Each structure stands twice: as structure tokens, then as C-alpha cells.
Amino acid sequence: MGGDWRMPTKDEFYELLDYTDNEWMPNYNRTGVNGRKFTSTINGKSIFIPASGRRSGSSFVYRGDYGSIWSSSLYDDSFPMSAWDLNFGSDDISAIGNDRYYGMTVRGVL
């Protein structure tokens, strides 16, 4: 993989939401890791994203219950302190904006 990876964009998050079926996966493949599996409605390929939680200040919160992944897209060009992220739990999923000081997961894409 080397240096070819990059962070996903807001548009790629919406593509993920619009063109996949997704489901909450407790104890994915008996690994003890909870998360959400996304399966393409176009080609059937899938990706599992763990519910890795996030850092808030010096605390690590929501591990196993919630996942948050940063995009490379600013939430609002006039307010560069926020960026788009993909948030999910067992019952919900959305692409929203959050302050960039939160320590959320970075999931590289090619």
C-alpha cells in the first residue's frame, strides 16, 4: 500500500451510505470487535469498520459502541475548525460535521 492511501471525502461517505447495505456486527467473525459491515449493492464487495470510539481530550470514549471516521473534507469552508465524519452505532449511521480536535479514526482508502 505504501504512500498511495488518502483520507476519504464527504462525497465518498455519501456514496457509501447510498450504494451499500450495512449492518451492525457484534463480535465480528468472533474477534470480540463490534462494528458495521458495508456491502456494495453494485459489486457485492464489503468492508468492515470497527466501532473504535474516539478520544475527547484525555479520555477515550465509546469504544465498542460507536465509530467515527474522519474525511478530508472541511464541513464549511468558512469555518475550517470542523470536518465531515462518518458516525455510526448499532442503531444509526450518518455523515455529519464535527470539530477537528476530536480524536477520531482515520481509515485510508486507495
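Anyway, here's the lowdown on the structure attached to this text. (Residues numbered from 1 in each chain as written. Predicted model: local features only at pLDDT ≥ 70, side-chain atom pairs only at ≥ 80, totals over all residues. Heavy atoms only, no water.)

### Looking at the overall build of the chain
Part 1 of the reasoning: When helices and strands are tallied, the chain shows one helix and eight strands.
Part 2 of the reasoning: Ordering the α and β elements of the chain from the N terminus gives α-β-β-β-β-β-β-β-β.
Part 3 of the reasoning: Its C-alpha atoms give the chain a radius of gyration of 14 Å, near enough to 13 Å, the size a compact globule of 110 residues would have.
Part 4 of the reasoning: Projected onto its principal axes, the C-alpha positions of the chain cover 40 × 35 × 30 Å.
Part 5 of the reasoning: Considering only contacts in the chain between residues 6 or more positions apart, those separated by 24 or more positions represent 39%. (Helix = DSSP H or I, 4+ residues; strand = E, 2+ residues; numbered from the N terminus. Rg over C-alpha atoms; globule rule 2.2 N^0.38 Å. Contact = heavy atoms within 4.5 Å.)

### Points about the packing of aromatic side chains
Part 1 of the reasoning: Counting across every chain of the model gives five aromatic pairs.
Part 2 of the reasoning: Among the aromatic residues, those joined into a cluster by ring pairs are Tyr14, Tyr75 and Trp84.
Part 3 of the reasoning: Above the plane of the ring of Tyr102 lies Arg54, whose end atom (NZ or CZ) is 4.1 Å from the centre. (Phe/Tyr/Trp six-rings, centres within 6.5 Å; stacked < 30°, edge-to-face > 60°. Lys NZ or Arg CZ within 6 Å of the ring centre and 35° of its normal.)

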